[in-house]
Amino acid sequence: MEYDFRKKNIMGKNVVLIGTQWGDEGKGKIVDLLTRNVSGVVRFQGGHNAGHTLVVEGKKRVLHLIPSGILHEAVTCMIGNGVVLSLPDLFSEISEIQDSGVSISGRLFVSPNCALILPYHVELDKARERKLGKQKIGTTGRGIGPAYEDKISRRALLVRDLFDEPSFLERLELNLDYHNFVLEKYLECPPVSYGAAVDSTLPYRDKLEPMIKDIGRELSERRNRGESAIFEGAQGALLDIDHGTYPFVTSSNTNVGAISSGCGIGPRSLDYFLGITKAYTTRVGEGPFPTELFDAEGKHLAVAGNEFGSTTGRPRRCGWLDAHALKEVAQLNSLSGLCITKLDVLDGLEKILVCVDYKKSLNGNTEPVYDELPGWEGSVSGAKSMDDLPAEARNYLERIENLCGIKIDIVSTGPDRENTIILHNVFS
Ligand code: IMP
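Predicted model only: the values in this text are computed from it and were never measured. (Residues numbered from 1 in each chain as written. Predicted model: local features only at pLDDT ≥ 70, side-chain atom pairs only at ≥ 80, totals over all residues. Heavy atoms only, no water.)

1. Topic: the overall build of the protein chain
Piece 1. Counting its regular elements, the protein chain contains 12 helices and 18 strands.
Piece 2. If one aligns the C-alpha atoms of the protein chain with their principal axes, the spans along those axes are about 65 × 60 × 40 Å.
Piece 3. A burial count over the protein chain gives 56% of its 428 residues as buried.
Piece 4. Excluding contacts between residues fewer than 6 apart, the proportion of contacts in the protein chain whose partners are at least 24 apart in sequence is 75%.
Piece 5. For the protein chain, the computed accessible surface area is about 18,700 Å², with 50% contributed by carbon and sulfur atoms.
Piece 6. Seen as two clouds, the 49 positive and the 58 negative side-chain charges of the protein chain have centres 2 Å apart. (Helix = DSSP H or I, 4+ residues; strand = E, 2+ residues; numbered from the N terminus. Buried < 20%, exposed > 50% of the residue type's maximum accessible area, 1.4 Å probe, protein only. Contact = heavy atoms within 4.5 Å. Areas by Shrake-Rupley, 256 points an atom, 1.4 Å probe, with all protein chains shown as cover. Lys, Arg positive; Asp, Glu negative; His and termini not counted. Charge placed at Lys NZ, Arg CZ, Asp CG, Glu CD.)

So this is what it looks like as structure tokens:
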């Protein structure tokens, strides 16, 4: 398509949704909610370690790899080159969606440059965690880290490599030799068979072929035609390989800096950066968590918020909102606005703490400095407007805005699409 520089073309709007904590902020629901404004939803990093929960008309669905816009039949979903792809998991998710009556035909595209996750990546991930013992990272065991390592080492097999079968098989054998050496000799576990590795790749090639597309080009063409898109982040800002709580992080860049490289578009094509923030904090896996609660209040948040990992089922650690970290994340991601999720989980608490700073204790540990705010009586569950909220809940939201210097655009007050307060249209 030719671009006419003399004409004032009306560009589509590209809106980015980023989790500002350690993942599980409730991005899935918000992507699904905002999808009515767009023609495309894109993933640009991570893999099927993500777990995006959607509740539509009371029915719960968890997506791991396919962008959360898939339930809207008029929308195209795209998986950019920055995503690491397990073909068996992609196709089992496709089957699940199709079995529930949603057609994906002609509306799911995958970049030819996605690196493949193979069975040896999964075995390496699990065996390394076992070997690390108490020092384990607490990964999802999906092979994400080892797959990204292969990509950086320039030995990864990419989606496009499936189409040169002799060379694909030759490289697969070499990779298998290399990884089996580590599995057997260093990690002391059984090797992965050539057959298992082949079975997880080539049989999917023909089904995958019609989905393969240059995602960067597709995105620019759509924008030039005036169509809008959502860029759906996975995990959260504090799990970023460079800016997170290293080494207790995931293996990709989860912040907005990853979007250009992860789907092939320039940074000036991104228009709005919405940070998705849970009204409190959770973390799955190991690593620092300054505002973690180990008492009855923490347990209350876990139960009220149903805080169990949607990918691994592990209980999530819970704590107060860390506005100190959020402020840094807002700056790192040039956030335009915030979406506060799960406000209803704080219902019934006598007081709500919010971390405003860190101080070093004498033993060198980081300790949070808290502001204490009054909780509210009654429930905010299902509220659709600010007027439906008690003054204390509005006060809490205002405090978050002031601490981070970012305005709140959306507040989520329950799992369903309808349980939402929209203060500002991020597409306007
Ligand atoms: P990995 O991404 O499986 O390598 O796991 C590394 C860390 O990221 C672990 O602490 C995981 O629990 C965490 N993690 C990965 N994906 C998610 C997610 O979608 N939500 C929350 N935590 C995640």
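Moving on from the model shown.
2. Digging into the domain arrangement of the protein chain
Piece 1. When cut into domains, the protein chain gives domain 1 (12-110 + 213-422) and domain 2 (115-210).
Piece 2. In this structure, domain 1 and domain 2 have C-alpha centres spaced 29 Å apart.
Piece 3. The interface of domain 1 with domain 2 comprises 28 residues on the first partner and 23 residues on the second.
Piece 4. Taking both partners together, domain 1 and domain 2 bury about 2,100 Å²; carbon and sulfur atoms supply 65% of that area.
Piece 5. It is Val84, Leu87 and Phe91 in domain 1 that bury the most area against domain 2; as a group they hold 29% of the surface buried on that side. (Domains from an automatic or database assignment. Buried area = accessible area lost by both parts, 1.4 Å probe.)

3. What about the site of the ligand?
Piece 1. Residues in close proximity to the ligand total 16 residues, the closest being Asp24, Asn49, Thr140, Thr250 and Arg314.
Piece 2. Here asparagine 49 contributes a side-chain N or O atom positioned 2.9 Å from an oxygen atom of the ligand.
Piece 3. Residue valine 284 places a main-chain N or O atom 3.2 Å away from an oxygen atom belonging to the ligand.
Piece 4. Isolated, the ligand exposes 470 Å² of accessible area, and the fraction of that covered by the protein chains is 96%.
Piece 5. Of the residues in the shell around the ligand, the class split is 6 nonpolar, 8 polar and 2 charged. (Near = heavy atom within 4 Å. Polar contact = N/O pair within 3.5 Å; in protein donor to acceptor, adjacent residues only side chain to side chain. Nonpolar A, V, L, I, M, F, W, Y, C, P; charged D, E, K, R; others polar.)

4. A word on the nonpolar core
Piece 1. Within the largest apolar cluster, 59 residues are counted, with the highest numbers of intra-cluster contacts made by Leu85, Leu90 and Leu274.
Piece 2. Split by domain, this core shows at least three residues from each of two domains, domain 1 (12-110 + 213-422) and domain 2 (115-210).
Piece 3. Leaving out residues up to four positions away in the same chain, leucine 274 has contacts with Val16, Leu17, Ile18, Ile30, Leu34, Leu335, Gly337, Leu338, Cys339, Asp409, Ile410 and Val426.
Piece 4. By size, the runner-up hydrophobic cluster in this structure holds 53 residues, among which are Leu293, Cys318, Trp376 and Ile406. (Core = buried A, V, L, I, M, F, W, Y, C linked by side-chain atoms within 4.5 Å.)

5. Quick notes on the pairing of strand β14 (residues 337-341)
Piece 1. Burial runs high along β14: 5 of the 5 residues are buried.
Piece 2. Residues Gly337, Cys339 and Thr341 point to one face of β14 and Leu338 and Ile340 to the other, with burial holding for every one of them.
Piece 3. When strand β10 (residues 272-278) meets β14, the two strands line up parallel, connected through 5 bridges. Within the sheet, the bridge partner assigned to threonine 277 lies in β14 and is isoleucine 340.
Piece 4. For β14 and strand β17 (residues 408-412), the ladder comprises 3 bridges, and the chain directions are parallel. Looking across to β17, one finds that leucine 338 is bridged to isoleucine 408. (Pairing = 2+ DSSP bridges.)

6. Some words on the pairing of strand β1 (residues 14-19)
Piece 1. Counting buried positions along β1 yields 6 of 6 residues, so the element is predominantly enclosed.
Piece 2. Alignment of β1 against β10, held across 5 bridges, turns out to be parallel. Within β10, the position partnered with isoleucine 18 by the bridge is glycine 275.

7. As for the sheet that holds strand β7 (residues 108-110)
Piece 1. If you trace the 9 strands from one edge of the open sheet to the other, you get β7-β5-β2-β9-β1-β10-β14-β17-β18, paired in mixed fashion. Of all the strands in the sheet, the pair left with one neighbour each is β7 and β18 (420-422). The sheet shows a mean angle of 20° between the axes of neighbouring strands, direction not considered.
Piece 2. Across the sheet, helix α1 (residues 27-34) touches β1, β2 (40-43), β9 (229-232), β10, β14, β17 and β18, and the angle it forms with β1 is around 165°. (Axes fitted to C-alpha atoms, helices over the stretch in contact; angles between N-to-C directions.)

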